[in-house]
Structures are given as C-alpha cells and as structure tokens.
Amino acid sequence: MRKKIQAAQKMETIKQTQKKYGTRAMTVAIIIAVGLIVIGEKAAGKGLVLGALFSVINFVLIGLTLPRTVGHGKRASIFISLASLLLRYTLLAIPLILAIKLDQFNLITVLIGIFMIQLMILLDHLPIPLGQTRVRQKRASS
Amino acid sequence: MIHVAAYTGGGICMGLGAMGAAIGEGYTAAQANLAVSRNPKISGDLFKNMLVGQAVAESASIFALVIAILLLFTNTGTGALIKAAALLGAGICMGFGAIGSGVGSGFPGGQACLGIARQPAVTNRITTNMLIGSAVCQTPAIFSMVVALMLIFMDFSHSAFYPGWAALIGAGLSTGLAAIGSGYGGGMAAGACCEGIARQPESVGNATTTMLVGQAVSQTPAIFGLLVSFILMFKTFPESPALSASMALLGAGISMGFGGIGPGIGNGMTAEGAVRWVSRRMEHAGELMRIMLVGQAVSQSTAIYAMVISLVLIFVV
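Keep in mind that what you see is a predicted model, and the values were worked out from it rather than measured. (Residues numbered from 1 in each chain as written. Chains lettered and ligands numbered in written order. Predicted model: local features only at pLDDT ≥ 70, side-chain atom pairs only at ≥ 80, totals over all residues.)

With that settled, consider the overall build of chain B. When helices and strands are tallied, chain B shows 11 helices and 0 strands. When its helices and strands are written in sequence order, chain B yields α-α-α-α-α-α-α-α-α-α-α. For chain B, the spread of C-alpha atoms along the three principal axes comes to 65 × 40 × 20 Å. In chain B, buried positions account for 68% of the 317 residues. Counting contacts in chain B only where the partners sit at least 6 residues apart, residues at least 24 apart contribute 91% of the total. (Helix = DSSP H or I, 4+ residues; strand = E, 2+ residues; numbered from the N terminus. Buried ≥ 20, exposed ≤ 12 C-beta atoms within 10 Å, placed from the backbone. Contact = placed C-beta atoms within 7 Å.)

Below, the structure written as structure tokens:
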C-alpha cells in the first residue's frame, strides 16, 4: 500500500513538472508564432509551433520511460534508455521531415521549436544563482 | 554516389549519436537507483531531477538526429563528386561529436541524484548546477553540428576532388573525434560539482566557478579540432592525383581528432579533482584553481603536439 502511494506521488511530481514546462513551451511558441504570422512569416510561425509540439511530446515520453529505467542493472538501464531514445527520436524526426518536404513549415523555426522544452528548463533555472548572488551581496553589504 | 554518401553519413551520425546519450542516461538511471535506495522518501524529487536533467542532456543526440535527417532528406544537389565526401564527413563529424557530450551529460545527472538523496534541502542548487554543467557539456557537440552544417550546405564544387575529398572527411574527423574528450571531460567536472555541493552546500559559488573554468579549459582540444576543420574546409588545395597529398590531409584530421580525445578527458579529470576538493576545502579554492590550471596546461600539451602535426601535414607536406 505504502509503495503504491509512493509510486503515485512520484508520477504526480513528474506530471506536474511536465505540465509546467510543457505549458510554458507551448505558450511561448504560440505567442511568438502569432507574432511571426502577423508580420507575414506564416511558415516560420507554423514551424515553431510544430517543433514545440513534438518537443513537448518527447518530454512527456521521457517522463513515461524514466521510471522504467530505474530498478534495473546498469546494462539493462542503458538498453532501456537506448530503446526509449530510438522510439522518441523516430517521433522527433517527423517535424524535421515535414519541414524539409513541405514549404508550409520553416526548417529553422522547427529546429528552434524542437529545443523549446530545453530552453524553458534552462531559463527557469539559470536566473536563480544570479538572484541568490544578489541576495547574498545585499546581505553582506547590510 | 552523393546519395550513397549522404545515407551512409546519416546512418553513422545517428548510430553514434544515440550511443553517447544512451550511455549517459543509463549512468544517470543507475545512480538514481542508488539514490532512491538511500532516500526512498524523496523519490519524486529524484525523478523530477532526472526528467529535467535528461531533457537537457539529450540535446547532443537531438543535434545528431537533425544532421541525420538533413543528410537523408535534403536535396543536396547532384553536382560535383566532392559533395559526397563533404556529406560523409558531416555524418562522421556529428556522430562522433555527440558521443562525448552524451556520455558526459550523464555524470552531472547521476551525481545530482545522489546529491539530492544526501541533501534534499539543497535540491534547487544541485539541480541548477546540474543543468549549467550539462548545458556547458553540449558545447563540443555544438561545434560538431556547426562543422557538419557547413559541410552539408557549403559549396565545394570549385575544389579539386583530389585531394579535396580527404580534406573534407579530415575536417569531419578532426572536430568529431576531438569533441569526444572535451564532452566527456566537461561532464566529469560537472558531476564532481554536483557531488561537492551536496557535501558542502556553502561551497556552491567556489565550486561552480572552478567547474566552469575547468570545463572551459577542457573544451580547448575541441576548439583546436574546430580550427583544423576550418583550415581543411576553407583552404584551397592544388589538384594532385598523388595519394600522398590526400593522405596528408586525411592524416591531419585524424591526428587532431584522436590527439584531442586524451587531453579533453585528462583536463576533465583535473577539473573533477579540483572541484571535488574546492567543495571540501573552500579556504584553499584559489590554490586549488591554480594547481588545476597548471595541470590542465600540461595535459593540454599533447593536444598542441597533435595540432602542430596537423598543421605540418596541411601546410608543409
């Protein structure tokens, strides 16, 4: 029973993290895409949303496969990671192929969209040490 | 022939690129096992850390995916045969270049999991440090992607096939192989920093500074590799049917590529040791940083020898 509760809590934490970064990534992508479409760059806007959408799907799939990689030996973990990578990268290839084949999507903005989750994670964490340094400096000076 | 080279390059690129990230992710998961068994109460936080860590850590293999897809599906023209060498070089460059960063990014992820299990109160600091370290680890893979994109999209039709083909494959080998050591070494420093912060949370400033300096120096062999690649791509070589001329250029890329692996890892080991002890002995941070830099400079010398030989092969032989 206790194990089940812990597993449920674990999945809840993962889901919250995915929801947080997934929502941010899509919101930022849509806002920028609307701006691009307004200035006439329709393909660029559509490409960004497409890339970001697949970035979010990839992130959700990482969360689903992560608990499976833990609880096995090192070799089994590497094998599961490799299988998960291949599956997810097949999915990530879809927007890239679409962007290469169709003029409706801009390849460069698709590429930026694919890294939208990573950008959101780094933006969320990078200002923290700067903020902490400022707080420490203020404390020291006072 | 161009399609054959593009498909072969794409296969090499994705095959090698996936390998590094999978090993790195496997290492992180293995350390997470240990962390969960040490502190099962915070397994949710550990999975959250793993999730964000792996999302950033797998960037190198996504670069490889991008290059592989470009090689497979972009219409790169049916012109000069030399384009085939450029496309093969691009695949080799990105494939090898993603290995080090993929494996290296696993170290901060794994050590961060262990650190959070030890010190749950400083989870945010450890996660932030893991992400910074992991992001810096991606730099050699970015160098490889830059060279690969140049090889795919630049026009080499004015170059002579002999010895141009060797120069372009050499360019791919130079950055791709040299990036392995730098990516791996950078990851070692980042991993030690996560571990150090968990042991001594007050050391976060000193440890992070030492980690970043150590990682920056670890990137130097990859920069040498990039330099040799640029020379091989941009220098115009006179047409020569002699095999020796081609082999000299291919040798230049091989020399710098393999020559950069050891110093990259060695520099990472030095940085790892320095960061580990800075977090334990904060009062000696300055002294440890100096020793680290001297050690890295000595370790770097073999990469310089490799670069000198590469330059001799390009300009003298």
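What follows picks up the thread again.
Further remarks concern the overall build of chain A. Secondary structure assignment for chain A yields 6 helices and 0 strands. Starting at the N terminus and walking to the C terminus, you meet the elements of chain A as α-α-α-α-α-α. Within the span of chain A, comprising 142 residues, buried residues form 39% of the whole. Counting contacts in chain A only where the partners sit at least 6 residues apart, residues at least 24 apart contribute 71% of the total.

Opposite the 36 residues of chain B that make contact, chain A presents 38 residues. Secondary structure elements with two or more residues in the side of chain B that touches chain A: helix H1 (2-38), helix H2 (43-57), helix H3 (59-73) and helix H5 (123-137) of chain B. Here the residues of the side of chain B that touches chain A are counted per class, giving 22 nonpolar, 11 polar and 3 charged. (Nonpolar A, V, L, I, M, F, W, Y, C, P; charged D, E, K, R; others polar.)

In this section: the packing of H2(B) against helix H4 (residues 82-118) of chain B. Residues and elements named next belong to chain B. At a closest axis distance of 10 Å, the pairing of H2 and H4 adopts a crossing angle of 165°. By the angle between their axes, H2 is roughly antiparallel relative to H4. The chirality of how H2 crosses H4 is right-handed. In contact with Asp45, Leu46, Asn49, Met50, Gly53, Gln54 and Ala57 of H2, H4 contributes Ser105, Gly106, Gly109, Ala112, Cys113, Ile116 and Ala117. Among the residues making up the contact of H2 with H4, the classes are represented as 7 nonpolar, 6 polar and 1 charged. (Axes fitted to C-alpha atoms, helices over the stretch in contact; angles between N-to-C directions. Parallel < 35°, antiparallel > 145°, perpendicular 65-115°, else oblique. Left-handed = near helix turned anticlockwise from the far one by under 90°.)

Because each turn of an α-helix spans 3.6 residues, side chains separated by three or four positions end up pointing in the same direction. Relative to the 54 Å expected for 37 residues at 1.5 Å per residue, H4(B) spans 56 Å between its end C-alpha atoms, a close match to the ideal helical length. The buried fraction of H4(B) is high, at 36 of 37 residues. (Expected span 1.5 Å × (residues − 1).)

Before going further, it helps to examine the environment of Ala141(B). Residue and element names in this part refer to chain B. Inspection of the secondary structure puts Ala141 in helix H6 (residues 139-153). Residues Ala141 and Gln200, spaced 59 residues apart in sequence, show a C-alpha to C-alpha distance of 31 Å. Excluding its chain neighbours within four sequence positions, the residues that come into contact with Ala141 are Ala60, Phe63, Gly97, Ala98, Ser101, Ala179 and Gly183.

With 37 residues, H1(B) should reach 54 Å at 1.5 Å per residue; the first-to-last C-alpha distance of 54 Å fits that figure. Burial runs high along H1(B): 27 of the 37 residues are buried.

Residue and element names in this part refer to chain B. Their axes nearest at 7 Å, the elements H1 and H4 cross at an angle of 5°. Comparing their axes, H4 and H1 come out roughly parallel. Residue composition of the contact of H1 with H4, grouped by class: 30 nonpolar, 20 polar and 3 charged.

Moving on, we get to the confidence of the model for chain B. All names here are of chain B. With 99% of its residues at a pLDDT of at least 70, chain B reaches an overall mean of 91. Confidence, read as mean pLDDT per element, is least for H2 in chain B (84) and greatest for helix H9 (residues 220-234) (95). If you check the scores for this complex, the pTM reads 0.88 and the ipTM reads 0.79. (pLDDT = per-residue confidence, 0-100.)

Our focus in this paragraph is the environment of Met188(B). All names here are of chain B. Relative to the helices and strands, Met188 resides in helix H7 (residues 161-199). Spatially, the C-alpha atom of Met188 lies 28 Å from that of Ala68, the residues being 120 residues apart in sequence. For Met188, the contacting residues outside a window of four places in its chain are Phe107, Gly268, Met269, Ala271 and Glu272.

Attention now goes to the environment of Met247(B). Within the element layout of this structure, Met247(B) appears in helix H10 (residues 243-280). Note: C-alpha distance between Met247(B) and Pro201(B) (46 residues apart in sequence) is 53 Å.

Attention now moves to unusual backbone geometry. Each neighbour pair has its own omega, and for Tyr162(B) with Pro163(B) the value is 10°, a cis peptide bond. Within the secondary structure layout, Pro163(B) lies in helix H7.

A few words now on the confidence of the model for chain A. Per-chain confidence: chain A averages 81 in pLDDT, with 75% of residues scoring 70 or above. Per-element confidence in chain A is highest for helix H4 (residues 107-114) of chain A, whose mean pLDDT is 93, and lowest for helix H6 (residues 127-141) of chain A, whose mean pLDDT is 48.

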